[in-house]
Amino acid sequence: MTELPPLHLDRASPEPLAAQLADAVRAAAAGGTLRAGDRLPSTRELAGVLRVSRTVTAAAYDQLLAEGWVEGRVGAGTFVTAVPAAGPAPGPGPRTEPADERPRVELQPGTPCTEVLDRAAWRRAWRAAADAEPDLLPRYAGLPEFRAAVGEHLLRHRGLPARPGEVLATGGSTGAIAELARVLPAGARVAVEEPGYRRAADALAAAGLEIVGVPVDDEGLRVEDLPAGLAAVYCTPAHQFPVGGRMPAARRIALVERARAEGMLVVEDDYDGELRYDVAPLPLLAALGPDVVAHLGTSSKILTPTLGSGWLVAPPAVREAVLDRRERTGSRPAPAGQRVFTAFATSGDLARHLRRLRRELGERRSLLVEALAGVPLRGDRAGAHVLVPLPDATTARAVRAAAAERGVGLEVLERYAGTGAPGGIVLGYAGPTRAAFEAALPVLAEVLTGSPNGR
């Protein structure tokens, strides 16, 4: 039975109580408080709640039944039906675009490829997670078994030796950035990539830190352009977001050496770190400088944001500061997603999933490069997005509009670079189904080259 919203009957009103009750139920159904299929209390139960005679509630239900607002089911009760066309119309809702104007295929960056997720393995992981005993106390560092599973994952797939005690569970990369921001000195200067991941910059700024944009090129963050006096620098060295550069080993070493010399923390967001094509792996910043690097990872891009789980490997003083703040504020990452990730990883299903994911995205990358032959692309050697440079931001917006008219949603580089941004389209190819992605390729070729086959 559905719990009814508060129903106010005015006994001093000349309007009959039965009519007032019918009006109140009608308004609740029209306004969405009651929905089609909701079971109403019996006339006896409702009469007791409202302290009226059963005659009042029965008369109200009879009126609603006659108008089509409710229906009676023998042996089951009285249920709300769909709002009748002739009844009072709900108030105006939010404006939506006509269906034919909404993009049918969204090629947004930063979206995972859930199509390759083995649904049977996914269900097994959830069942295994449900078998765990409820926790008696909060786990501020995360579940021990999750921290062990992450340590094994980092060693096997990212070449980072991290003991379980060195891993903290997080709610994801952005949440971890916000936590790190809160343990940095108030008002400290922090460098971010420009263009870069705006949500990270916003999380740092929300903590009262001074944000300094530093330019990137085809090899990621330009270390030589970092100003002096920084408390920290945030970067995405595996596949810079959104330009797509991979930071070479020499530049990584230079960044770690500056961090040591100047006493700054390097926040390494391992965005797209598990995905690379035709290139050798590069050492993680955290492997080169575990004493000055806080390494962030998440299950959101390799699996799905559903889990809301991630990890942080950081120098001892940073870990202790994060844990201290969690214990003082009572904040901690939710364990449910940690349990599912643990089950998925320890069963071997995560390794199998990553192999499928790399194969699928590698094939999509090849199809995209072939379809856009002759179009300059940046960042296609790793990750799940590429940058298509364009003359200016106005041109990029025109391309996005042209694609939207053909049912394909695109994102412009301007979104990640702010005022005075260069022109470009940031193309993500992981989110849609394979069939939808392939259907979008001729549209991309046409809006970017004027030819449906890209030539």
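The name recorded for the protein chain in an unreviewed UniProt entry is PLP-dependent aminotransferase family protein, from Pseudonocardia lutea. Of the protein chain, the UniProt comment under Sequence similarities (unreviewed entry) reads exactly: "In the C-terminal section; belongs to the class-I pyridoxal-phosphate-dependent aminotransferase family."

### Re the overall build of the protein chain
Within the protein chain, the secondary structure is distributed over 15 helices and 16 strands. Each of the three principal axes of the protein chain carries a C-alpha extent, and together these read 85 × 60 × 45 Å. Taking the contacts inside the protein chain whose residues are at least 6 apart along the sequence as the reference set, 71% of them involve residues at least 24 apart.

### With respect to helix α2 (residues 43-50)
Of the positions making up α2, those classed as buried are Thr 43, Leu 46, Ala 47 and Leu 50. Looking down the long axis of α2, one finds its buried residues gathered within 105° of arc, a one-sided arrangement. Structural note: α2 exposes Arg 44, Gly 48 and Val 49 on the side pointing more than 90 degrees away from its buried face. Buried residues along α2 sit against α1 (17-31) and α3 (54-67). Downstream of α2 by a residue or two, Arg 51 has a phi angle that is positive, lying close to 60°.

### Re the environment of Arg 434
Looking at the element boundaries, Arg 434 is found in helix α15 (residues 434-449). When sequence neighbours within four positions are dropped, the list of residues in contact with Arg 434 reads Glu 115, Glu 360, Glu 363, Arg 364 and Leu 367.

### Digging into the pattern of salt bridges
Evaluated as defined, the whole model comprises 30 salt bridges. Between Arg 260 and Asp 291 there is a salt bridge, with the nearest N and O atoms lying 2.9 Å from each other. Remark: Asp 291 occurs in the loop between α9 (285-288) and β11 (293-298) and Arg 260 occurs in helix α8 (residues 249-262); sequence separation between them is 31 residues. We classify Arg 260 as partly exposed; its relative accessible area is 42%.

### Remarks on the nonpolar core
Among the nonpolar cores identified, the biggest contains 80 residues, and Leu 226, Leu 255 and Leu 427 are the most heavily contacted of them. At 8 residues, α15 tops the list of elements feeding residues into this core. Those residues in contact with Leu 427 that lie beyond four places of it in its chain are Leu 107, Leu 368, Leu 372, Ala 384, His 385, Val 386, Val 388, Leu 410 and Leu 444. Counting 27 residues, the second largest nonpolar core, distinct from the first, contains Ala 176, Ala 181, Ala 188 and Tyr 234.

### Focus: the packing of aromatic side chains
On inspection of all chains with the given rule, the structure shows 8 aromatic pairs. With 5.0 Å between their ring centres and 80° between their planes, Phe 241 and Tyr 416 make a pair best called edge-to-face. Separated by 175 residues along the polypeptide, Phe 241 in the loop between β9 (232-235) and α8 and Tyr 416 in helix α14 (residues 414-417) bring together distant segments of the chain. A residue is classified by how much of its surface remains accessible, and Tyr 416, at 6% relative accessible area, is buried.

### Focus on the pairing of strand β12 (residues 310-313)
Alternating positions in β12 separate into two faces, Gly 310 and Leu 312 on one and Trp 311 and Val 313 on the other, with burial throughout. Bridge count between strand β5 (residues 167-170) and β12: 4 bridges; the pairing is antiparallel. Pairing of Val 167 across the sheet is with Val 313, part of β12. Pairing geometry for β11 and β12, over 4 bridges, is antiparallel. Counted as the bridge partner of His 295 is Val 313 from β12.

### Some points on unusual backbone geometry
Residue Pro 195 is bonded to the preceding Glu 194 through a cis peptide linkage, with omega at 0°. Here Pro 195 lies in the loop between β6 (189-194) and α7 (198-206). Phi at Arg 51 is positive, roughly 60°, even though this residue is not glycine. Relative to the elements of secondary structure, Arg 51 occurs in the loop between α2 and α3. Residue Arg 51 is classed as exposed on the basis of its relative accessible area, which comes to 74%. Positive phi is not limited to glycine here, since Asp 272 has a value of about 60°. Within the secondary structure, Asp 272 is located in the loop between β10 (265-269) and α9.

### Observations concerning the environment of Val 190
Looking at the element boundaries, Val 190 is found in strand β6. Through-space distance from the C-alpha of Val 190 to that of Leu 226 is 10.0 Å; in sequence the pair is 36 residues apart. Residues within four places of Val 190 in sequence aside, it is in contact with Leu 184, Leu 204, Leu 209, Glu 210, Ile 211, Val 212, Leu 230, Ala 232 and Val 233.

### Side note on the sheet that holds strand β16 (residues 423-428)
Within the open sheet, the 3 strands sit side by side as β13-β16-β15. Their pairing is antiparallel. Every other strand in the sheet has two partners, leaving β13 (385-390) and β15 (411-412) as the edge strands with one partner each. Two strands pair when backbone bridges link them, and β15 and β16 are joined in this way by 2 bridges, in the antiparallel orientation. Within β16, the residue paired with Glu 411 across the bridge is Val 426.

### Side note on α3
Given a rise of 1.5 Å per residue, 14 residues ought to cover 20 Å, and the 20 Å separating the end C-alpha atoms of α3 matches this to within 8%. In the core, the buried residues of α3 are packed alongside α1, β1 (39-40), α2, β2 (70-73) and β3 (77-80). Trailing α3 by a residue or two, Gly 68 shows a phi angle of about 90°, which is positive.

### Quick word on the confidence of the model for the protein chain
The share of residues in the protein chain with pLDDT of 70 or more is 93%, and the mean pLDDT across the chain is 89. A low-confidence stretch, residues 85-101 (pLDDT under 50), is modelled with 8 contacts involving residues beyond four sequence positions or located in other chains.

Cut-offs applied
Residues numbered from 1 in each chain as written. Predicted model: local features only at pLDDT ≥ 70, side-chain atom pairs only at ≥ 80, totals over all residues. Heavy atoms only, no water. UniProt positions renumbered as here; feature names shortened; annotations may be inferred. Helix = DSSP H or I, 4+ residues; strand = E, 2+ residues; numbered from the N terminus. Contact = heavy atoms within 4.5 Å. Buried < 20%, exposed > 50% of the residue type's maximum accessible area, 1.4 Å probe, protein only. Arc of directions from axis to C-beta. Salt bridge = Lys/Arg side-chain N within 4 Å of Asp/Glu carboxyl O. Core = buried A, V, L, I, M, F, W, Y, C linked by side-chain atoms within 4.5 Å. Phe/Tyr/Trp six-rings, centres within 6.5 Å; stacked < 30°, edge-to-face > 60°. Pairing = 2+ DSSP bridges. Expected span 1.5 Å × (residues − 1). pLDDT = per-residue confidence, 0-100.

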